[in-house]
Amino acid sequence: MLSRIAESLFWIGRYLERADDTARILDVELQVLVEDPTIDEEHSCRQLLTVMGVEEYPSVVNRWTILDLLAHNPESPSSIAYVIDAARENARGARETLSTDMWAAINTMWRGLPSARAMRSADMFGWVRNRTAMIAGIADSTMTRDEGWQFFMLGRSIERVDMTARLLSTASLAAEAQLAWPTTLRACGAYEAFIRAYRGLEADRLAAEFLLLDRWFPRSVVSALVEAEKALATLEAGGQRTGGQRSGFSDEGLRLLGRARTELEYRPLAEIVYDLPTEMERLQRSCAAASEAVTTRYFSLAESRQWSEGALL
Amino acid sequence: MSETSLFDEYGPMVGFDEMFADPVGGPLVRDEYQTINGAFRKMGDDEIRVRADALATSYLDQGVTFGVAGEERPFPLDIVPRVIEAADWKHVDLGVQQRIKALEAFLADVYGPGELFADGVVPRETVVTSPHYHRVVAGLEPANGVRVHVSGVDLIRDADGNFRVLEDNVRVPSGVSYVMTNRRALSAALPEVFADHRIRPVQQYSRILLQALRAAAPAGVSDPTVVVLTPGVYNSAYFEHTLLARTMGVELVEARDLVCQGGRVLMRTTRGLEPVHVIYRRIDDEFLDPAQFRPDSVLGVPGLITAARAGNVTISNAIGNGVADDKLLYTYVPDLIRYYLSEEPILQNVDTWRLGEADQREEVLDRLDELVLKPVDGSGGKGIVIGPAATTAELDELRGKIHADPRAWIAQPVISLSTVPTLVEQGIRPRHVDLRPFAVNAGDEVYVLPGGLTRVALPEGELIVNSSRGGGSKDTWVLADPFVDPNPLDEAEVEEPEKPRKEKVRPGKARSGVTQSQSQGDQSLGEPLQEQTQTFPEYSEPDFSGSHLSGPNPSGEVE
């Protein structure tokens, strides 16, 4: 498969997941702002911006600012509008490899964006969630499980780890707000699953544990890491003509993700939860490094342009 | 009687209308449109409009678009199909085949021995001064002798309904994707009308193209890798590039995906560099190779021409084909057909004056206000002066330009294109159309896709059917002849039958004996062809060999 196409699929996976997660996070954040009378709107919104990677925003921050920066503003790289556009742009470049259904679904979502932005925010977030779920479903039922699929899944899983990590830091930073953990669980669509798993014994520590380590819940960090590792391992195995690896992991991305996962799984939970924001930042850094490693190994061929080589022959 | 009012006030009628034979003495519907006429009248106004809307939406969601100045626009598809009778189509089919064979022979001659110059058929300057003449490919023999793998010959119907050639496109003709998508969309919109006709299919195009491209692979490659080379997502025909790559199941590459090393072309994949053998390029000659042509081209691959000259990669269509679809050369094509094939042209040109010739120039200068003047080098309508629409000042300026450089101009009468009923706001009205049939040359046979792209000018009276001028398209239905067995190549699923090895359509002259290029060509090309037949082990059903080999395309006429 062409490196350029592989890279596009990887980023389509990432962008779609990011759109979905951003919509979930915003939805919950706005609900909390409405429901919790004690909350400091300015502080809470600023925190959200920081976690979402929007650096130093100069003027006053309120719910309208975050809506603009994270949902509507096509110029803001963290916004849903931007991300959907980017996903579609990548899909356009990889159109011949996508199934027709998949392309049509992404294109329809992109075309629906202007009218979605005119909806009430909650409806818009619902729309984004529905659309991304639909695309994921179509991908699942129409894409062959070739390299392209693995790259798509890899992008999606890495993004999911990253976004869940951001979500967890938001929650732990806002620990004084009583609604933080139920809110976070709801953002992940994990509230009911959590209640059922722990029989209504709600506690911060348990919620963090659930979102970090639950092996059954597909949006937990560990589940997503396992998915990403699976995709990388398949790619690795597909690329290798000779037998399996004798020791260790030769793929840098696989090594990084595996280490991140085992660190979560084998360290005492208390140690992780003690300073969750720092831990989560480390996790995000691992994701970035893994993404970097995948780029170097599989995509970077697409980047370098060797001008002289052929011309001199 | 009729339930639809959309056909009321059909008109004004200018030129040949393909549906109504006699609009003055009452609407007399031509035979081939009877069924459509009945179906539309039965459907009624609202139903027609509803279906047309559904058609438009389905095109937007699928992203069937073309680009204008970097912006994607939908390409409107009209709800009323255009119908072409079997007999009319046969004429077009044979005419296009003949033209492509003549142009192939011409290109082989121009980049080979150049005998046509010696015989005085076309002046040498006419060819070598063309900006599309590329000396760098002189003497480069294509692997299976084919230079025009894909062509699109633009046809119009004159006031008497005769098909005439407006221009040839043998470089990178586009539009075939709309032929395929139009068919799929319209058969969904008008299933019952569709079922009442016997329409020849078009979806087999990709398969036939892939076969032709594989057949063009360099010698000794048993399982060639074919790629489609696109300038990228901002190209106006990008949609088409993706569709062709997808339906052929080959990679769609951009220049940055390719690299030349040691005279070979490789593509960058997740598994490292992999060899490429045939490049169906959708980039103009000048941008292909910055090492040979424009050094500022970022769309090209440095070293590509070197690889092609080394015989390690086939570039399709061949470089330098532009000399064959030049506006000035167009005027010589009937002569080329007589010279190379010893046949009379089946499809006529539009009457054209060459202003480089004194007597013709005199006549044209007298009638400037009633003719269309076209600069020879202009493309896409650039610099065209339409006499009846021009002011006296403009005509005087034109007169000056012609005196300064008469060879740079040709003149044609104002042609009234035929009309086909088209749904517009006011109702169903006559609109001007042209037709671009697509032909694929696999070496042993020129296959003309039954259908082709009908472009329609949507504004009333507009004669320029360009999509950037608010044009749309129509699904073009070529009716099957009920008394003739279907062409086996039309079948979407039928694999190529195993056929006895036979002579290819080789450029060569009919009048003199075997030319040098021919004898050389056949020697060097005998091997690869045999090789090719072996590369399709799956195409071994012998049952189909009879009908299409004995078809109206005896390829032996060159000898």
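Bear in mind that the values here come from a model prediction, so they are computed numbers and not experimental data.

Undergrad: Tell me about the interface of chain B and chain A, and please be specific about residues and values.
TA: Frequently, the measure chosen for interface size is the accessible area that the parts lose on association. Taken residue by residue, the interface counts 40 residues in chain B and 35 residues in chain A. Where chain B abuts chain A, roughly 3,300 Å² becomes buried across the two surfaces, and 47% of that area is made up of carbon and sulfur atoms. The largest contributions to the chain B side of the interface with chain A come from Arg268(B), Thr270(B) and Arg271(B), which together make up 22% of the buried area. At the junction of chain B with chain A, the criterion picks out three salt bridges. A salt bridge links Glu254(B) to Arg4(A), with the nearest nitrogen and oxygen atoms 3.3 Å apart. Scanning the region where chain B abuts chain A turns up 13 residue pairs in polar contact (both at pLDDT 80 or more). If one sorts the elements of the side of chain B that touches chain A by residue count, helix 9 (residues 238-248) of chain B sits on top with five residues.

Undergrad: Help me get a handle on the pairing of strand 20 (residues 438-441) of chain B, residues and values and all.
TA: All names here are of chain B. Alternating residues of strand 20 divide into Phe438 and Val440 and Ala439 and Asn441, and every residue in both groups is buried. Of the strand pairs in this sheet, strand 4 (residues 150-157) and strand 20 are connected by three bridges, and their pairing is antiparallel. Note that in strand 20 the partner of Val150 across the bridge is Val440. Linking strand 20 back to strand 21 (residues 446-448) in an antiparallel pair, the connection comprises four residues, with Gly443 at a positive phi of about 110 degrees.

Undergrad: Break down the packing of helix 3 (residues 86-110) of chain B against helix 13 (residues 333-341) of chain B for me, with residues and values.
TA: Residue and element names in this part refer to chain B. Contact pair helix 3 / helix 13: the axes reach a minimum separation of 9 Å and the direction vectors enclose 80 degrees. As far as their axial angle goes, helix 13 and helix 3 are roughly perpendicular. For the pair helix 3 and helix 13, contact is made by Gln98, Arg99, Lys101, Ala102, Leu103, Ala105, Phe106 and Asp109 and by Val333, Leu336, Ile337, Tyr339, Tyr340 and Leu341, respectively. In the contact of helix 3 with helix 13, the residues fall into 10 nonpolar, one polar and three charged.

Undergrad: Break down the sheet that holds strand 9 (residues 264-269) of chain B for me, citing the residues and quoting the values.
TA: Residue and element names in this part refer to chain B. The strand order across the open sheet formed by three strands is 8-9-10, and the pairing between neighbours is antiparallel. With one partner strand each, in any of the chains shown, strand 8 (258-261) and strand 10 (272-275) form the two edges of the open sheet. This sheet shows a mean twist of 40 degrees between the axes of neighbouring strands, independent of strand direction.

Undergrad: I'd like a description of the domain arrangement of chain B, backed by residues and values.
TA: Residue and element names in this part refer to chain B. Assigned domains within chain B: domain 1 (83-328 + 430-558) and domain 2 (351-413). On the domain 2 side, the residues contacting the six residues of domain 1 number 10 residues. When domain 1 packs against domain 2, the two sides together hide about 800 Å² of surface, and 50% of this comes from carbon and sulfur. On the surface where domain 1 and domain 2 come into contact, there are one salt bridge. The partner of Asp351 in a salt bridge is Arg164, and the shortest N-O contact between them spans 3.9 Å. A class-by-class count of the residues in the side of domain 1 that touches domain 2 yields two nonpolar, one polar and three charged.

Undergrad: Please set out the nonpolar core residue by residue, giving values where relevant.
TA: Phe151(A), Leu154(A), Phe106(B) and Leu116(B) are the most contacted members of the largest nonpolar core, which has 170 residues in total. Per element, the largest residue contribution to this core is 15 residues, and it comes from helix 1 (residues 3-35) of chain A. Those residues in contact with Leu154(A) that lie beyond four places of it in its chain are Phe10(A), Ala228(A), Ala231(A), Leu232(A), Leu235(A) and Val294(A). Counting residues in each nonpolar core, the second largest holds 65 residues, with Leu186(B), Ile208(B), Met248(B) and Ile428(B) among its members.

Undergrad: Break down the confidence of the model for chain B for me, citing the residues and quoting the values.
TA: All names here are of chain B. Residues at a pLDDT of 70 or more form 82% of chain B, whose mean pLDDT is 81. Counting interchain partners and residues more than four positions distant, the pLDDT-below-50 stretch residues 494-559 has 112 contacts. Listed scores for the predicted complex are pTM 0.78 and ipTM 0.72.

Undergrad: How would you sum up a nonpolar patch on the surface? Please name residues and give values.
TA: Together, Ile384(B), Ile386(B) and Val414(B) make up a nonpolar patch on the protein surface, roughly 210 Å² of accessible area in all. Relative to the helices and strands, Ile384(B) resides in the loop between strand 15 (371-375) and strand 16 (385-386).

Undergrad: Pulling in residues and values, what's your account of the packing of aromatic side chains?
TA: For the structure shown, the criterion picks out 14 aromatic pairs over all chains. Note on Phe10(A) and Phe299(A): the rings are 5.6 Å apart at their centroids and 55 degrees apart in plane angle, and the pair reads as tilted. One end of the pair, Phe10(A), is in helix 1; the other, Phe299(A), is in helix 14 (residues 276-303), and 289 residues separate them in sequence. For Phe10(A), a relative accessible area of 0% gives the class buried. Judged by centre distance (6.0 Å) and plane angle (80 degrees), the ring pair of Phe7(B) and Phe20(B) falls under edge-to-face. Within this pair, whereas Phe7(B) is found in the segment before helix 1 (34-43), its partner Phe20(B) is found in the segment before helix 1, the two being separated by 13 residues in sequence. The exposure class assigned to Phe7(B) is buried, which follows from its relative accessible area of 6%. Here the aromatic cluster, defined as three or more aromatic residues joined through ring pairs, consists of Phe10(A), Trp11(A), Tyr15(A), Phe151(A), Tyr298(A) and Phe299(A). Stacked on the ring of Trp149(A), the Lys or Arg Arg145(A) has its end atom at 3.8 Å from the ring centre. In this structure, Arg354(B) packs its charged tip against the face of Tyr332(B), placed 3.9 Å from the ring centre.

Undergrad: If you had to explain the sheet that holds strand 17 (residues 409-413) of chain B to someone new, which residues and values would you point to?
TA: Residue and element names in this part refer to chain B. One open sheet accounts for four strands, arranged 14-17-15-16; its pairing is antiparallel. The open sheet has two edge strands, strand 14 (353-354) and strand 16, and neither has a second partner. Pairing analysis gives five bridges linking strand 15 to strand 17, with the strands arranged antiparallel. Paired with Pro375 across the two strands is Trp409, which belongs to strand 17. Strands strand 15, strand 16 and strand 17 of the sheet are contacted by helix 15 (residues 392-404), whose axis makes an angle of about 130 degrees with strand 17.

Undergrad: Account for the pattern of salt bridges, with residues named and values stated.
TA: Two side chains carrying opposite charge are able to pair once their charged atoms lie near each other. Residues and elements named next belong to chain A. Scanning the entire structure with this criterion turns up 54 salt bridges over all chains. Arg219 is the salt-bridge partner of Asp20, the closest N and O atoms lying 2.7 Å from each other. One end of the pair, Asp20, is in helix 1; the other, Arg219, is in the loop between helix 10 (204-213) and helix 11 (221-239), with 199 residues separating them in the sequence. The pair Asp20 / Arg219 is uniform in exposure class, with both members buried. Taken together, the shared-partner salt bridges in this structure form one network comprising Glu17, Asp20, Asp21, Arg24, Arg160 and Arg219.

Undergrad: Which residues make up the side chain of Ser130(B), and what values go with them?
TA: Checked against the element boundaries, Ser130(B) lands in the loop between helix 5 (124-128) and strand 4. Setting aside anything within four residues of it in sequence, one finds Ser130(B) in contact with Val323(B) and Asp326(B).

Undergrad: Describe the pairing of strand 11 (residues 278-281) of chain B, naming the residues involved and giving the relevant values.
TA: Residue and element names in this part refer to chain B. Every second residue of strand 11 is oriented toward a common face, with Val278 and Tyr280 on one face and Ile279 and Arg281 on the other, all of them buried. Taken together, the three bridges between strand 11 and strand 12 (residues 314-316) define a ladder with parallel strand orientation. Counted as the bridge partner of Ile279 is Ile315 from strand 12.

Undergrad: Describe the side chain of Arg14(A), naming the residues involved and giving the relevant values.
TA: All names here are of chain A. Tracing the chain through its elements places Arg14 in helix 1. Under the relative-accessibility criterion, Arg14 is labelled buried at 7%. Polar side-chain contacts of Arg14 include one of 2.7 Å to the side chain of Glu159. Look past the residues within four positions of Arg14 in its chain and what remains in contact with it is Gly155, Arg156, Ile158, Glu159 and Ser291.

Quick notes on the rules
Residues numbered from 1 in each chain as written. Chains lettered and ligands numbered in written order. Predicted model: local features only at pLDDT ≥ 70, side-chain atom pairs only at ≥ 80, totals over all residues. Heavy atoms only, no water. Contact = heavy atoms within 4.5 Å. Buried area = accessible area lost by both parts, 1.4 Å probe. Salt bridge = Lys/Arg side-chain N within 4 Å of Asp/Glu carboxyl O. Polar contact = N/O pair within 3.5 Å; in protein donor to acceptor, adjacent residues only side chain to side chain. Helix = DSSP H or I, 4+ residues; strand = E, 2+ residues; numbered from the N terminus. Buried < 20%, exposed > 50% of the residue type's maximum accessible area, 1.4 Å probe, protein only. Pairing = 2+ DSSP bridges. Axes fitted to C-alpha atoms, helices over the stretch in contact; angles between N-to-C directions. Parallel < 35°, antiparallel > 145°, perpendicular 65-115°, else oblique. Nonpolar A, V, L, I, M, F, W, Y, C, P; charged D, E, K, R; others polar. Domains from an automatic or database assignment. Core = buried A, V, L, I, M, F, W, Y, C linked by side-chain atoms within 4.5 Å. pLDDT = per-residue confidence, 0-100. Patch = residues over 30% accessible without salt bridge, like charges linked within 9 Å, V, L, I, M, F, W, Y side chains within 5 Å. Areas by Shrake-Rupley, 256 points an atom, 1.4 Å probe, with all protein chains shown as cover. Phe/Tyr/Trp six-rings, centres within 6.5 Å; stacked < 30°, edge-to-face > 60°. Lys NZ or Arg CZ within 6 Å of the ring centre and 35° of its normal.

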